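The residues making up each chain are set out below.
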Amino acid sequence: MIDEQLVPRGIYDPKTLEAMRKVPRHLFVEEAIKDQAYGDFPLPIGRGQTISQPYIVALMTQALGLKGHESVLEIGTGSGYQAAILSQICEKVYTVERINSLLVQARKVFDSLHYLNILTKLDDGTNGWPEYAPYDAIIVTAGGPKVPEPLLEQLADPGILVIPVGDRGVQDLRAVTRKDGKITEKTIEFVRFVSLVGDHGWKSG
Ligand code: SAH
């Protein structure tokens with residue numbers, strides 16, 4: 001996975017690569033598809049949702065530029081894999097999921113691996129998680145029509161928010177940074193994510 005999918009496509013950050021090497025991706029998918037866990041594609045995780053392709057997880061992680069001391073908010077826990085990767089390279093991960101059964105399963109895996117710096121919450125993540133704001137980095141792993149305003153409000157200065165924005169089918173993966181009060185935005189790549197559903201996302205799944 002590392003040598004064939006990540007490095008040749010431009011994943012170079014040592015922390016990202018080390019985390020991708022360390023976290024057992026097969027534990028985040030169902031027993032029946034475990035043998036496909038390290039393949040170059042997304043996989044179903046139930047309830048119409050997916051665990052992202054390894055390359056996309058790595059690309060988004062690398063884009064955050066984490067050093068180790070950060071507190072990171074993730075919207076869309078899903079399988080928990082992205083949160084697990086982040087937990088290896090930052091201080092604390094706060095992750096929000098709207099589907100209870102997915103969150104319960106993800107939490108089981110976090111516990112079994114003793115990933116103790118991940119906090120979870122069942123909620124509409126388009127409203128962020130105000131209690132622990134501001135966050136040094138925010139990552140949204142579902143695609144919405146726009147950048148949810150509450151997430152910008154909860155982003156630290158300096159801070160970076162990585163989010164797929166576009167229509168239901170295809171989105172551009174954007175990096176929104178705040179520095180000295182100024183917001184700048186750039187597009188990293190075109191991507192396909194499941195829908196971000198909520199107050200500041202799409203109105204239905
Ligand atoms: N990061 C996940 C990707 C899961 S797919 C992983 O590594 O497996 C995206 C997830 O976002 C789905 O589980 C979906 O239920 C969730 N989601 C969509 N809209 C949401 C919202 N408003 N708040 C929280 N989670 C949301």
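The rules we used
- Residues numbered from 1 in each chain as written.
- Predicted model: local features only at pLDDT ≥ 70, side-chain atom pairs only at ≥ 80, totals over all residues.
- Heavy atoms only, no water.
- Near = heavy atom within 4 Å.
- Polar contact = N/O pair within 3.5 Å; in protein donor to acceptor, adjacent residues only side chain to side chain.
- 1 Å grid on protein atoms, 1.4 Å probe; cavity = no way out; pocket = protein on both sides within 12 Å on 5 of 7 lines; lining within 4 Å.
- Sits in = over half its atoms within 2 Å of the grid points.
- Helix = DSSP H or I, 4+ residues; strand = E, 2+ residues; numbered from the N terminus.
- Nonpolar A, V, L, I, M, F, W, Y, C, P; charged D, E, K, R; others polar.
- Salt bridge = Lys/Arg side-chain N within 4 Å of Asp/Glu carboxyl O.
- Buried < 20%, exposed > 50% of the residue type's maximum accessible area, 1.4 Å probe, protein only.

Colleague: Just to check I follow, could you spell out the site of the ligand for this structure?
Modeller: Around the ligand sit 26 residues in total, of which S79, E97, D124, G125 and V197 are the nearest. One of the side-chain N or O atoms of S79 is found 2.6 Å from an oxygen atom in the ligand. A distance of 2.6 Å separates an oxygen atom of the ligand from a polar atom in the side chain of E97. In a pocket analysis with a 2 Å cut-off to the grid points, the ligand is assigned to the largest pocket. Among the secondary structure elements, those contributing two or more residues to the shell around the ligand are β2 (49–51), β3 (71–75), α4 (81–87) and β4 (92–97). Here the shell around the ligand gets three residues from one element, more than from any other, and that element is β2. Looking at side-chain class alone, the shell around the ligand contains ten nonpolar, eleven polar and five charged residues.

Colleague: Before we go on, may I ask you to explain the pattern of salt bridges in this structure?
Modeller: Where charged atoms from two side chains of opposite charge approach closely, those side chains can pair. Counted under the stated rule, the structure contains six salt bridges. A salt bridge links D40 to R9; its shortest N-O distance comes to 2.5 Å. Here R9 lies in the loop between α1 (2–6) and α2 (14–22) and D40 lies in the loop between α2 and β1 (43–46), a separation of 31 residues in the sequence. On the accessibility criterion, D40 (31% relative accessible area) is partly exposed. The shortest N-O distance in the salt bridge between K121 and D123 comes to 3.3 Å. D123 sits in the partly exposed class, given a relative accessible area of 34%.

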